[in-house]
Amino acid sequence: MKLKLRVKMNLKTKMLVYILTASLVIYALALGYVSLKLNKIAFDNAKELTTTYAREYANYTKADLSVDMNMTRALSNIAMGYKNLPQDQMKEILNEMLFHLIEENPNYLSTWFNWELSAIWPEWEKPFGRQRLTYYRMDGEILYKEEVIDTVPGFTKGAYYDMLEKQEEYVMDPYYFTYKEGEEEVLETSVAVPIIIDGVSVGVAGFDLLLQRFQDIISSIHPIEGSYAFLISYNGQFVAHNNEEIVGKFIQEFADSDSEVLGKIQNGKEFSSSKKDGNGTEFWTSYAPVYIGKSTTPWSFGFAVPVNVIMAEEKATLKRSIFVGLIGLVLTALIIWIIAHSISRPITRTTKVLGDLAKGNIDESKKVTIKTKDEIGEMGNSVNTLIDGLNKTAEFAQEIGKGNLEQDFDLLSNKDVLGNSLLEMRKSLKIAKEQETSRKSEDQKKHWATQGLAKFGEILRQNNEDMQEFSYHIISNLVKYIDGNQGGIFIINDDDKNDVFVELLACYAYERRKYMEKRIEPGVGLIGRCVQEQKTIYMTELPENYVNITSGLGQSIPNALLIVPLKVNDEIFGVVELAGFNEFEDHVVKFVEEVGESIASTISTTKVNIRTNHLLEQSQQQSEEMAAQEEEMRQNMEELQATQEEAARRSTEMQGLLDALNTANLVIEYDLEGNIITVNDNYLKLVGTNREQLIGTHHTENMELTPAQKKDIEQFWVDLRKGIAKKETDRVEFSGKHYVFVATYTPILDEDGRPVKVLKIATDITGFEKN
């Protein structure tokens, strides 16, 4: 009896030890695997989320600064078009643009142009020297300053000359500055674009930007508890930081900063790192590059998240799993102790099966067959159920490992820790997959829009001389790029200020060009309404018979209509209308609006160029007509010289001719040394002086002579004394006013054919010269 009792006790003890050990190993392995897996997944998700936030805010910062760079680039391009205008007229136009830009943009501290003196002053012969035109803010007012600097050898060359030499867009490292002595300096930067004509840098256009706006944005970025953001410039200087005391300092000043961080920032890399702050808190920090325009000095946007915050949920899950596992172990021990009393003959077979299960062998063939309905039978059924559950769990885990996240799985019970952990893992993987799919979709849309803007920027630069050809290229490419079916460009015709209307300049449908005359009054129909309200119109239910899309199969009503105003700086130049069978997504509408701004800017520039060319043609035509008149007058003078012998008999007639010349022209007589001996009233009245002040003065007084005219003036009078007539364009200045004359100098001969004086007949072309 004692021996049998000892055997039973040993068997129960063994059962308790073996089964509990096996259960403990299974639970430990499952919990360990799930814990490690959850830890890795949670940390990877957190790193990816941190990188996503850094990239998103970097793109926002890039878009913000790129707008300023794009405006600077546009300002530089416009300046090229006005380079050949007269100095005063060019300065007036460019100053007006500078004032408008700083007035409309409160973040601009100053707007400015720098011009090489050798490019705008033909008489400037030195290889250095520049003119600076600046509008700047001080004490709430916009002030103007015009300077001529760097005219003396030995001056210090700075960033301005680097931009001229490299011919690249430039973003200056942040610096503290103020225009008023004693006033607190503010942190700012400058964006600049060189003005390049025929491959030669002739100046620089740029803006000075207040960086406080980024500090305001950074201070509001806290998407995750304990997180913070910062913005670093190319030279490692903090432009904005959650801790304002760090703003303006350099990342190199901090002892815990990685020595390679600045190099990665300057190389425009996206990277992440882990470090601890002064309190010992570990942060995971992601850096995303911020490229501004076409500059080669990228900035970087940083986003830091406490590691303990992003891992808090995983730790809580692990604690719950351990707690549930311990409860399971306690229950298992209790059940085994109760069942051990009734286990006898089946115990060996059941123990063997349990031993196999403890080794991870869960093959279906290991199931036990027990026909009794007592506890032993239940134990056998439990073993079989455990085998089935573990097989299903293993199959589910294998399917998850293969990427099949839609595999069905039924929990063994509400306390199925392993099953719940696998379901949580599948849920996390699904979320990660959805986030990745969403991110790729957004990246594709942004890439599509960026490529489109670059493509249409190139089209706008290549086809802006002929408005109709320009309009067709734009609408045909735009319809194709957004997968539309047809479209048209409507331009505001304001040639007659008393009759302003909207006209269809070009349309496109199914690869066929179709130009038709169509006039629309402002405010009439959808097109007129868009022009009047200057707002985008998007419709998916079109008015009946508004528009049809025609193809080889017949006509159909489109499912979507998009009408976008072509406006820039609140000035509208027309609209673009697009129709298609498919509805236009939001990013497509936004893209068309951005392209519309570029089209409006190009139309504005093209209209100015067309008007300028027209005025130049008019000026050239008038000059030719005046030249013909002068030739006719010269021929008349030659005829007068040929008939000198009849002059005495026809003195009255000659005097009448001279009176007519005096009445219609500006007439001055010189002696052979170039001194004025007579001047008519027309000339005195025009320049606002009297005869006594002019009689006896030399020909060159009050005249603005070019270097070539100064050099040839002596030969000019030698030729006149030889009887050779001359034709010149004279520029004179009286009382601060400038005049331009087309003048003919004709020697007056005596009876022997010798010159006795010189007659100058001139025409005022000052007005034509300015136009």
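This text goes with the structure placed above it.
Residues numbered from 1 in each chain as written. Predicted model: local features only at pLDDT ≥ 70, side-chain atom pairs only at ≥ 80, totals over all residues. Heavy atoms only, no water.

Moving on, we get to the overall build of the chain. When helices and strands are counted, the chain shows 19 helices and 26 strands. For the chain, with 771 residues in total, the buried portion stands at 40%. Counting contacts in the chain only where the partners sit at least 6 residues apart, residues at least 24 apart contribute 56% of the total. (Helix = DSSP H or I, 4+ residues; strand = E, 2+ residues; numbered from the N terminus. Buried < 20%, exposed > 50% of the residue type's maximum accessible area, 1.4 Å probe, protein only. Contact = heavy atoms within 4.5 Å.)

Once that is clear, we can look at the sheet that holds strand β12 (residues 299–306). Spatial ordering of the open sheet is given by β9-β8-β12-β11-β10, a layout of five strands whose pairing is antiparallel. Each edge of the open sheet is held by one strand with a lone partner, namely β9 (238–241) and β10 (271–276). The mean inter-strand angle of the sheet, taken between neighbouring strand axes irrespective of direction, is 20 degrees. With five bridges connecting them, strand β8 (residues 228–232) and β12 associate as antiparallel partners. Across the sheet, A229 pairs through a bridge with F303, a residue of β12. Across the face of the sheet, helix α5 (residues 212–219) comes into contact with β8, β9 and β12 while running at roughly 35 degrees to β9. (Pairing = 2+ DSSP bridges. Axes fitted to C-alpha atoms, helices over the stretch in contact; angles between N-to-C directions.)

Centre distance and the angle of the planes are the two values used to describe a pair of aromatic rings. Applying the stated criterion across every chain yields a total of 28 aromatic pairs. Taking 4.6 Å as the distance between ring centres and 25 degrees as the angle between the ring planes, the aromatic pair formed by Y108 and F207 counts as stacked. Of this pair, Y108 sits in strand β1 (residues 108–116) while F207 is found in strand β7 (residues 200–210), placing the two residues 99 residues apart along the sequence. Given the relative accessible area of 1%, Y108 is considered buried. Between Y228 and F283 the ring centres are 5.5 Å apart and the planes differ by 65 degrees, which places this aromatic pair in the edge-to-face class. Of this pair, Y228 sits in strand β8 while F283 sits in strand β11 (residues 282–290); the two residues are 55 residues apart in sequence, bridging distant segments of the chain. Note on accessibility: Y228 and F283 belong to one class, buried. Pairwise contacts between aromatic rings join Y228, F230, F238, F271, F283 and Y287 into one cluster. Sitting over the face of the ring of Y160, R130 holds its NZ or CZ atom 4.2 Å from the ring centroid. We note K145 situated over the ring of Y136; from NZ or CZ to the ring centre the distance is 5.4 Å. (Phe/Tyr/Trp six-rings, centres within 6.5 Å; stacked < 30°, edge-to-face > 60°. Lys NZ or Arg CZ within 6 Å of the ring centre and 35° of its normal.)

With that settled, the discussion passes to helix α4 (residues 159–166). Buried within α4 are the following residues: Y160, Y161, M163 and L164. Taken end-on, α4 shows its buried residues confined to a sector of 155 degrees, consistent with a single buried face. Exposed and oriented more than 90 degrees from the buried face of α4 are E165 and K166. Turning to α4, the residues buried within the fold contact β1, β2 (130–138), β4 (170–171), β6 (186–197) and β7. Where α4 terminates, the next one or two residues include Q167, which has phi positive at roughly 55 degrees. (Arc of directions from axis to C-beta.)

With that out of the way, let us pick up the side chain of E188. On the secondary structure map, E188 appears in strand β6. With no salt bridge to any partner, buried E188 finds its closest opposite charge in R137, at an N-O distance of 10 Å. When near neighbours in sequence (up to four residues on either side) are disregarded, E188 contacts L109, P174, Y175, F177, D208, L209 and L211. (Lys, Arg positive; Asp, Glu negative; His and termini not counted. Salt bridge = Lys/Arg side-chain N within 4 Å of Asp/Glu carboxyl O.)

With eight of its nine residues buried, strand β14 (residues 501–509) lies for the most part within the structure. Sheet topology note: the strand β13 (residues 486–493)/β14 ladder contains eight bridges and is antiparallel. Bridged to I489 within β14 is A506. Sheet topology places β14 next to strand β16 (residues 519–520); two bridges connect them, and they run antiparallel. Bridge pairing in β16 places V502 opposite I520.

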